[in-house]
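Structural overview
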Amino acid sequence: MPHNFSAISGNAPTFTEPLPVGQLYFPDWSRYEAAMRGIWERRYYTNHGPLAQELEASLAHFLNVKHVVCVANATIGLMMAAEALVLKGKVIVPSHTFIATAQSLKWCGLQPVFCDVEPSDHQIDPQQVVGLIDEDVSAILAVNLWGGACDVASLDVLAREYDLALYFDSAQAFGCAIDGVPLASFGQAEVFSFHATKVLSAAEGGCVTTNDDDVAARLRNIRSSYGAGRPTQVVKTSNGRISEAQAAIALMSLDDYPSIQAKNKALFDVYRSNLAGIPGLRILDPANVTSSNYQYAVCELDEDAFGLSRDQLLRLLQAENVIARRYFYPGTHRCKGFDDNADADAARLPVTERLCQVGFQLPLGSRLFAESALKISTLIKCAHEQASALRPLIAREY
Ligand SMILES: Cc1ncc(COP(=O)(O)O)c(C=O)c1O
């Protein structure tokens, strides 16, 4: 029996508790209790309350952007952004992203046109964007992935040249900056997620940021069915409000952001230095940013060089309670509702297709400590060294 992998032979796993992918911020109970007590005493749950207002002001300051419109989650933020930008027809979007990016377009009656990503950093490929532009395209919805950024400058040039709206799904990029400029004021709008797995957490939540007064006014009217901000005619309204309880958690998380970011970076560095040199394994540095939130440890696995497939490695790790996950799987162009032209799309999306087979994330977040990241790295190294003995013991696919 190969060493190090106790679970595979029916023994207790290496880690007693599952180590998930995701940040999972929990403030001290006393701080949480005090924040909830304040809401209780004010008798004010929602509708742009004092904590929601404080959060918007604090975020505008932190992100150095004129308008921050906090929302119930990033998915509704993306839908509101598409409406506020008055988009029509088709929107160019990467397939290699969380399903919500393209779903937001579907909810707004827009047609996604899937674009491939760069093999080096998984960010949208501006070269391919150019080839996809036609008279029906009204916008580019780019994604800032993995605590990094796409090639924002090239996309900006393209959007101006072809008179397209440009906005960003920055759900994964809170706290990141390009040449010292925080993500939040690029393009016409950016959308951030404050989901529990993200570096800034409201448990559920998010925000749309913009420097454009008219876009902000439309967003505020859409968010609250005309209930907040300068009245502006909009075609659709919704309920995208953030509650006081969500805002309270986000404010604590924002206070703690510097220490959370530092811890993430330290964990990332443990992975980076201990996974270096393992044949077939690559961990991605956050792309194109001068500061990152380091909320993800994203890897690629080359089966031939490593000795096991990505899925075999994940099975092995998951049995040891290391809940590493494939991301994103399948590509959006292969998901129900988007797969009418899956084969034709796939031919244009070779990098996305490959990443579906080789990409995965390692745990990183509040439940993880440096010793665990070191132990996980050692497990991966042993998986490579003992691959031929392990291979027959693990199913190839999920
Ligand atoms: C790239 C991307 N877009 C959108 C979302 C959706 O965010 P939310 O869960 O806040 O709706 C996520 C969340 O995982 C994401 O990673």
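Residues numbered from 1 in each chain as written. Predicted model: local features only at pLDDT ≥ 70, side-chain atom pairs only at ≥ 80, totals over all residues. Heavy atoms only, no water.

The chain is annotated in an unreviewed UniProt entry as UDP-4-amino-4-deoxy-L-arabinose--oxoglutarate aminotransferase of Ruegeria atlantica. The Sequence similarities (unreviewed entry) field of the UniProt record for the chain holds the comment "Belongs to the DegT/DnrJ/EryC1 family." (UniProt positions renumbered as here; feature names shortened; annotations may be inferred.)

**Structural notes on the overall build of the chain**
The helix and strand tally for the chain stands at 14 helices and 14 strands. Taken against the 2.2 N^0.38 rule, which gives 21 Å for 398 residues, the C-alpha radius of gyration of the chain at 22 Å falls within 12% of a compact globule. Expressed along its principal axes, the backbone C-alpha trace of the chain runs to roughly 70 × 55 × 35 Å. Here the analysis covers contacts within the chain between residues at least 6 apart in sequence; of these, 71% occur between residues at least 24 apart. Side chains of the chain carry 33 positive and 44 negative charges; the gap between the two charge centres is 5 Å. (Helix = DSSP H or I, 4+ residues; strand = E, 2+ residues; numbered from the N terminus. Rg over C-alpha atoms; globule rule 2.2 N^0.38 Å. Contact = heavy atoms within 4.5 Å. Lys, Arg positive; Asp, Glu negative; His and termini not counted. Charge placed at Lys NZ, Arg CZ, Asp CG, Glu CD.)

**Brief notes about the site of the ligand**
Near the ligand lie 13 residues; those nearest to it are A74, T75, D169, S193 and K198. Between an oxygen atom of the ligand and a side-chain N or O atom of Q172, the distance comes to 3.1 Å. The site holding the ligand turns out to be the largest pocket. For the shell around the ligand, the secondary-structure elements that each account for two or more residues are α3 (74–84) and α4 (99–107). Its residues placed into classes, the shell around the ligand shows four nonpolar, seven polar and two charged. (Near = heavy atom within 4 Å. Polar contact = N/O pair within 3.5 Å; in protein donor to acceptor, adjacent residues only side chain to side chain. 1 Å grid on protein atoms, 1.4 Å probe; cavity = no way out; pocket = protein on both sides within 12 Å on 5 of 7 lines; lining within 4 Å. Sits in = over half its atoms within 2 Å of the grid points. Nonpolar A, V, L, I, M, F, W, Y, C, P; charged D, E, K, R; others polar.)

**Overview of the pattern of salt bridges**
Two side chains bearing opposite charge may form a pair once their charged atoms approach each other closely. All told, the structure shown has 18 salt bridges when counted by the stated rule. Between D256 and R31 there is a salt bridge; the shortest N-O distance is 2.8 Å. Taken as a pair, D256 in helix α8 (residues 244–275) and R31 in helix α1 (residues 29–42) lie far apart in primary sequence, 225 residues in all. The class of R31 is partly exposed, set by a relative accessible area of 29%. Notably, a salt bridge pairs D269 with K265, separated by 2.9 Å at the nearest N-O pair. Within this pair, D269 and its partner K265 are both found in helix α8, separated by four residues, close to a single helical turn. What emerges from the salt-bridge pattern is a single network uniting K265, D269, R272 and D285. (Salt bridge = Lys/Arg side-chain N within 4 Å of Asp/Glu carboxyl O. Buried < 20%, exposed > 50% of the residue type's maximum accessible area, 1.4 Å probe, protein only.)

**With respect to empty space enclosed by the protein**
Any space left empty among the atoms is revealed by the rolling of a water-sized probe across them. Taken as a whole, this structure holds two cavities of 30 Å³ or more when the rule is applied. Within this model, the largest cavity holds a volume of roughly 50 Å³. As for the largest cavity, its lining consists of N47, H48, A52, E56, C70, R223, S224, R241 and I242. Tallied by class, the residues present in the lining of the largest cavity amount to three nonpolar, three polar and three charged. If you add up the space inside the second largest cavity, you get close to 30 Å³. Of the residues contributing to the lining of the second largest cavity, the split by class is six nonpolar, no polar and one charged. (Points joined across faces, edges and corners; volume = space filled by probe spheres on them.)

**Considerations on the side chain of Q261**
Its place among the elements puts Q261 in helix α8. Q261 gets classed as buried once you look at its relative accessible area, which sits at 18%. Apart from the residues within four sequence positions on either side, Q261 is in contact with S292, N293 and Y294.

**What about the UniProt feature "active site" (unreviewed entry) in the chain?**
Those places that UniProt annotates as "active site" (unreviewed entry) correspond, in this numbering, to K198. Structurally, K198 is set in the loop between β9 (189–193) and β10 (206–210). Contacts of K198, omitting those with residues within four sequence positions, involve Q23, A171, Q172, S193, Q295 and Y296.

**Focus: the sheet that holds strand β11 (residues 281–283)**
Read from one edge to the other, the open sheet built from three strands follows the order β11-β12-β14, with strand pairing classed as antiparallel. Unpaired on one side and paired on the other, β11 and β14 (359–362) mark the two borders of the sheet. Put simply, the sheet's adjacent strands are angled 30° from each other on average, direction ignored. Where strand β12 (residues 297–301) meets β14, four bridges bridge the pair, whose relative direction is antiparallel. Bridge pairing in β14 places C299 opposite F360. (Pairing = 2+ DSSP bridges. Axes fitted to C-alpha atoms, helices over the stretch in contact; angles between N-to-C directions.)

**What about the packing of helix α10 (residues 310–319) against helix α13 (residues 370–385)?**
Where α10 meets α13, the axes come as close as 11 Å, and the angle between the chain directions of the two elements is 130°. Here α10 is positioned oblique relative to α13, judged by the angle of their axes. Read as a crossing pair, α10 and α13 show a hand that is right-handed. Residue-level inspection shows L313, L316 and L317 of α10 in contact with α13, the latter providing L379, I380 and A383. (Parallel < 35°, antiparallel > 145°, perpendicular 65-115°, else oblique. Left-handed = near helix turned anticlockwise from the far one by under 90°.)

**Observations concerning the environment of I8**
Structurally, I8 is set in the segment before β1 (19–20). On the basis of relative accessibility, which here comes to 29%, the residue I8 falls in the partly exposed class. Once the C-alpha coordinates of I8 and A319 are considered, the two residues, 311 residues apart in sequence, prove to be 6.9 Å apart.

**Points about the packing of α1 against α8**
A pair of packed helices is captured by two measures, namely the crossing angle of their axes and the spacing between those axes. Where α1 meets α8, the closest approach of the two axes is 10 Å, and the angle between their N-to-C directions is 145°. As α1 packs across α8, the resulting crossing turns out to be right-handed. Listed contacts from α8 to R31, Y32, A35, M36, I39 and R42 of α1 are E244, A245, A248, I249, M252, D255 and D256. For the contact of α1 with α8, the class distribution of residues is eight nonpolar, no polar and five charged.

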